[in-house]
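One-letter residues, chain by chain:
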Amino acid sequence: MVYTIYNGVLTGGWLTFFLVLFSILTVASIIWLLLYIEMSQRRTWKLTTLIVVITSLVTAFEVQLILLVLGVII
């Protein structure tokens, strides 16, 4: 039996796919946040907080993927 090193789930094509997917989601969530804050007539603090949290989480995961591609995170 040959021993091979486990490289993780996010390698190769999957890493590129998730990087592109979360890049699009990050841009969309930032635009959604800005448009909601600027143009919504019926703003509530709950929905504003939800949008800020979603935007923060998507952006943080995008940064994690970029660091993974650059080899900073192993």
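Scroll up a little and you will see the structure.
Throughout what follows, the structure given in this document is the object of discussion. (Residues numbered from 1 in each chain as written. Predicted model: local features only at pLDDT ≥ 70, side-chain atom pairs only at ≥ 80, totals over all residues. Heavy atoms only, no water.)

**Some points on the packing of helix 1 (residues 13-39) against helix 2 (residues 45-70)**
We count it as follows: Axis definition: a line fit to C-alpha positions, over the contact stretch in the case of helices; interaxial angles, taken between N-to-C directions, run 0 to 180 degrees. Only runs of H or I of at least four residues qualify as helices and only runs of E of at least two qualify as strands under DSSP, and these elements are numbered from the N terminus. Angle categories are assigned with fixed cut-offs, so that under 35 degrees is roughly parallel, over 145 is roughly antiparallel, 65 to 115 is roughly perpendicular, and the rest are oblique. Left-handed describes a crossing in which the near helix is turned anticlockwise from the far one by less than a right angle; the clockwise case is right-handed. Residue classes follow a fixed rule: Ala, Val, Leu, Ile, Met, Phe, Trp, Tyr, Cys and Pro count as nonpolar, while Asp, Glu, Lys and Arg count as charged, and any other residue, Gly among them, counts as polar.
Packing of helix 1 against helix 2 leaves a shortest axis separation of 9 Å and a crossing angle of 150°. In this view, helix 1 runs roughly antiparallel relative to helix 2, as classed from their interaxial angle. Once helix 1 is placed against helix 2, the crossing between them reads as left-handed. When its residues are assigned to classes, the contact of helix 1 with helix 2 shows 19 nonpolar, six polar and one charged.

**Points about the packing of aromatic side chains**
We count it as follows: Aromatic contacts are taken between Phe, Tyr and Trp rings whose centres are within 6.5 Å, Trp giving its six-membered ring; a plane angle under 30 degrees counts as stacked, one over 60 as edge-to-face, and the others as tilted.
Going through the model one piece at a time under the given rule, you end up with four aromatic pairs. The interplanar angle of 65° and the centroid separation of 5.3 Å between the aromatic rings of phenylalanine 17 and phenylalanine 18 together place this pair among those described as edge-to-face. Counting every residue linked through ring pairs, the aromatic cluster contains Trp14, Phe17 and Phe18.

**Comments concerning a nonpolar patch on the surface**
The test is simple: Here the term patch refers to residues with relative accessible area over 30% and no salt bridge, with like charges joined within 9 Å and nonpolar side chains (Val, Leu, Ile, Met, Phe, Trp, Tyr) within 5 Å. Per-residue and other accessible areas follow the Shrake-Rupley method at a 1.4 Å probe size, with only the shown protein chains counted as cover for residues. We define a salt bridge as a side-chain nitrogen of Lys or Arg found within 4 Å of a carboxyl oxygen belonging to Asp or Glu.
A contiguous nonpolar surface patch, about 400 Å² in accessible area, is contributed by Trp14, Phe17, Leu21 and Leu25. Tracing the backbone shows phenylalanine 17 in helix 1.

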